[in-house]
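Spelled out, the chains give:
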Amino acid sequence: MKLVIIWGSSRTGRKGGVVADWVKQKAGADGRFEVDFIDLRELNLPFFDEPISPFSMNSLDDYTHAEGRAWAERIAGSDGFIIVTPEYNHGPPGVLKNTLDWVGPPWKDKPVGLISYGGISGGTRAVEMLRSITIELGLINVAKAIHLPFFVKAFESGEQPSESTNENLKKMFDQIVRLRTALTKN
Ligand SMILES: Cc1cc2nc3c(=O)[nH]c(=O)nc-3n(C[C@H](O)[C@H](O)[C@H](O)COP(=O)(O)O)c2cc1C
């Protein structure tokens, strides 16, 4: 299945690449996924600027911005998602919310796993906000999110994710496959 991994930081000097790389590497090695990794700095979407909500469009032809349509087509061709997010002021970065807002029905009935990193909270508040946003988009949440507290200190000192963290990621992959299989049954 086609798994899209979206990394939610686009700023100069961002630190979360170690987390995004870990998820990308594990998903690639898993054997069940064709991985499409989205770096929002490269995707570089403008602020949402369509005259109607993507959910009110009759088809992707209704996009007035080519980059919005191309992004929606990429989502339409995928089976599931993992969002890797930092926490900015107790929520997800605006650039990530903007990226989600550009697409409507192509999100629907597809599983999403949420992974956050941050300070003492490990980005839990960003994940809680992303839960309501992704539910509204029609995505099906994997129940267990993964939170990585004090990630910079840990990764920069060469510490690898613990065995239980790797197991939790494997469980997230399993759930994504299970949900997608169930949701595509006739
Ligand atoms: C604008 C801004 C707001 C932040 N707010 C929080 C926060 O609410 N909670 C937290 O744990 N860390 C917060 N931090 C610290 C981030 O966890 C840390 O900078 C992390 O490296 C951000 O991820 P990035 O480097 O991949 O963008 C904030 C950082 C920035 C730049």
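Residues numbered from 1 in each chain as written. Predicted model: local features only at pLDDT ≥ 70, side-chain atom pairs only at ≥ 80, totals over all residues. Heavy atoms only, no water.

1. Some remarks on the packing of helix H4 (residues 94–101) against helix H5 (residues 124–137)
We apply this condition: Only the stretch in contact is used when a helix axis is fitted, and all axes are lines through C-alpha atoms; the angle between N-to-C directions ranges over 0 to 180 degrees. Helix and strand labels come from DSSP, where a helix needs a run of H or I of at least four residues and a strand needs a run of E of at least two; each type is numbered from the N terminus. Orientation is classified from the angle alone, with under 35 degrees giving roughly parallel, over 145 giving roughly antiparallel, 65 to 115 giving roughly perpendicular, and any other angle giving oblique. Throughout, a contact is declared for two residues whenever any of their heavy atoms are within 4.5 Å. Put simply, Ala, Val, Leu, Ile, Met, Phe, Trp, Tyr, Cys and Pro go in the nonpolar bin, Asp, Glu, Lys and Arg in the charged bin, and everything else, Gly too, in the polar bin.
Contact geometry for H4 and H5: axes closest at 11 Å, N-to-C directions at 10°. Here H4 is positioned roughly parallel relative to H5, judged by the angle of their axes. For the pair H4 and H5, contact is made by Leu96, Lys97 and Leu100 and by Leu130, Ile133 and Leu137, respectively. Here the contact of H4 with H5 is built from residues that sort into five nonpolar, no polar and one charged.

2. Brief notes about unusual backbone geometry
Unusually for a residue other than glycine, Asn44 sits at a positive phi of about 50°. Mapped onto the elements, Asn44 comes out in the loop between helix H2 (40–43) and helix H3 (66–76). The residue His90 is not glycine, and still its phi comes out positive at about 65°. Here His90 is to be found in the loop between strand S3 (80–86) and H4.

3. Description of the packing of aromatic side chains
Rules: Geometry of aromatic contacts follows a simple scheme: Phe, Tyr and Trp rings, the Trp one being its six-membered ring, pair when their centres are within 6.5 Å, and the pair is stacked under 30 degrees between planes, edge-to-face over 60, tilted otherwise. We call a charge positioned above a ring when the Lys NZ or Arg CZ atom is no farther than 6 Å from the ring centre and deviates by at most 35 degrees from the ring normal.
If you walk through the whole model with that rule in mind, you get four aromatic pairs. In this structure, Lys24 is placed above the aromatic ring of Phe37, and the distance from its NZ or CZ to the ring centre is 4.3 Å.

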